[in-house]
Amino acid sequence: MIYLDNAATTPMDSEVIAAMHEVMNTNYGNPSSVHWYGRKSRVLVEEARVEIASIVQAKPSEIYFTSSATEAISTAIYGAVRDLGIRNIITSAIEHHAVLHTLDAVHRAYPIQVSFVRLDKNGLINFDHLQELLDDIEPALVILMHANNEIGTLYPIARIAKLCKNYNSFYLTDTVQTMGKYAINFLEMGADFATCSAHKFHGPKGSGFLYISDRVSIKPLIDGGGQERNLRSGTENVCGIAGMAKAFEVAYRDLEMNANHIAGLKSLFVEKLQKAFPDIIFNAASHNSGLYNIIHVSFPNAYRNQMLLQNLDIHGIATSGGSACASGTVATSHVLSAIHAITEMPSVRFSLSKFNTLEEVDDTMRVLKKILL
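Here the structure is a predicted model, which means the values were calculated and not measured. (Residues numbered from 1 in each chain as written. Predicted model: local features only at pLDDT ≥ 70, side-chain atom pairs only at ≥ 80, totals over all residues. Heavy atoms only, no water.)

### Some points on unusual backbone geometry
With phi around 60°, Gln57 is a residue other than glycine that occupies positive phi space. For Gln57, the location among the structural elements is in the loop between helix H2 (36–56) and strand S2 (63–66). Here the phi dihedral of Arg229 falls at roughly 55°; this positive angle occurs in a residue that is not glycine. Residue placement: Arg229 occurs in the loop between strand S8 (208–212) and helix H8 (238–253). Looking at Arg229, the relative accessible area reads 39%, which means it is partly exposed. (Helix = DSSP H or I, 4+ residues; strand = E, 2+ residues; numbered from the N terminus. Buried < 20%, exposed > 50% of the residue type's maximum accessible area, 1.4 Å probe, protein only.)

### Quick notes on the sheet that holds strand S10 (residues 294–298)
Pairing is antiparallel across the open sheet formed by 4 strands, whose spatial order is S9-S10-S15-S12. Pairing within the sheet leaves two strands with one partner each, and these edge strands are strand S9 (281–282) and strand S12 (320–321). Pairing of S12 with strand S15 (residues 347–351), which is carried by 2 bridges, proceeds in the antiparallel orientation. Residue pairing in the sheet places Ser320 in a bridge with Arg349 of S15. Relative to S10, helix H9 (residues 255–276) is tilted by about 15°, and along the sheet it contacts S9, S10 and S15. (Pairing = 2+ DSSP bridges. Contact = heavy atoms within 4.5 Å. Axes fitted to C-alpha atoms, helices over the stretch in contact; angles between N-to-C directions.)

### A few points about the pairing of S10
Of all 5 residues in S10, 5 are buried; the element is thus mostly enclosed. Along S10, one buried face is formed by Ile294, His296 and Ser298 and the opposite face, lined by Ile295 and Val297, is buried too. Direction of pairing for S9 relative to S10: antiparallel, over a ladder of 2 bridges. Bridge assignment links Ile281 to a residue of S10, and that residue is Ser298. Strand direction decides the pairing type here: S10 and S15, joined by 5 bridges, are antiparallel. Bridging from a neighbouring strand, Ile294 pairs with Ser351 of S15.

### Some points on the packing of aromatic side chains
Across all of its chains, the model carries 10 aromatic pairs by this definition. Taken together, a centroid distance of 4.8 Å and an interplanar angle of 75° make the contact between Phe201 and Phe248 edge-to-face. Here Phe201, found in the loop between strand S7 (193–197) and S8, pairs with Phe248, found in helix H8; they are 47 residues apart in sequence, far enough to count as distant. With a relative accessible area of 0%, Phe248 lands in the buried category. Their ring planes at 75° and their centres at 5.1 Å tell us that Phe277 and Tyr303 sit as a pair that is edge-to-face. Pair noted here: Phe277 is in the loop between H9 and S9 and Tyr303 is in the loop between S10 and helix H10 (308–314), with a separation of 26 residues, a long-range link. As far as the burial class goes, Phe277 and Tyr303 line up, both buried. An aromatic cluster of at least three residues, connected via ring pairs, comprises Phe201, Phe209, Phe248 and Tyr252. Between the NZ or CZ atom of Arg159 and the centre of the ring of Phe127, over which it lies, the distance is 3.6 Å. Over the aromatic face of Tyr64 sits the side chain of Arg229, whose NZ or CZ is 4.2 Å from the ring centroid. (Phe/Tyr/Trp six-rings, centres within 6.5 Å; stacked < 30°, edge-to-face > 60°. Lys NZ or Arg CZ within 6 Å of the ring centre and 35° of its normal.)

### Concerning the state of the cysteines
Linking two cysteines covalently through their sulfur atoms gives a disulfide. Within this structure, the stated rule accounts for 0 disulfides. With no disulfide partner, Cys196 has as its closest neighbouring cysteine sulfur the one in Cys239, 16 Å distant. The exposure class assigned to Cys239 is buried, which follows from its relative accessible area of 16%. (Disulfide = S-S within 2.5 Å.)

This is the structure we're talking about:
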């Protein structure tokens, strides 16, 4: 079995599993309880907050633990509209559905206007158009991700944040795909909101956070006991938070080594794909730019196989494609459609992690040739 779908989720690191196992055995107190067991869990949560904040160059008070990046995105968007008076939102057509579907819901509840910045064939934003939009609808909430989860396109978020500030606007960036892969400095980036999900860098599912700059104040999305300094009620996921902190520690301890390893695998994989399939299409130049762990390809008619993902799975190779399954149907990728890629061809996203090997690349190529040639 070969796992090449790390942009969807990653296998947990053994150090993370060990840390979480220890917490499950010893830190079962409710962090809101005043007795010794509760205080012990509270200390663990706050130590995790301090550690994560130090890695991403934020203040501990700017980190709010959530169940996921999706919850963090919803909290930020609803908060900006409801509490900051935002009525104009600028985003892109290739944002994650956590953004696009939330905007649909917010639009039904509030009188907001949503504008989409123009993109080029690689998914990069047109800065002239972004500035034109800000000229017309200041102030706004700009929502543009750090890196796209399908095609790997990277956005210059510090430049976007600076432009937003020039127009008295707010900026929310989804850093889910870059956290644990790049040095993240929220202070230098200048975004007002940012999101994280631990399972994208070998941490546990069900644990993430929302970064909110201390320049901004919003009200909670979830009311209740007033946890997370009254922004996110609900008993904290102590075990998940500890696992996320350990995943941060491991990822940034080994950041350069892992990046070099994964980038090397990607380079070799691209070379082999080009040699075996001369007419292959690399969507959004994913072979030579963007995230160093993502390759998104479409196979021309000469190598056509509409059951490509299923056939790869049958041969023990887990990948994803340019389509999403819902209720037994297959829909065209909104990302590929937005950059005007050819969506009629079978496409595959290969996403790598530190656990992948050269042998797995070779085995995957052997299977691809068997299926397509």
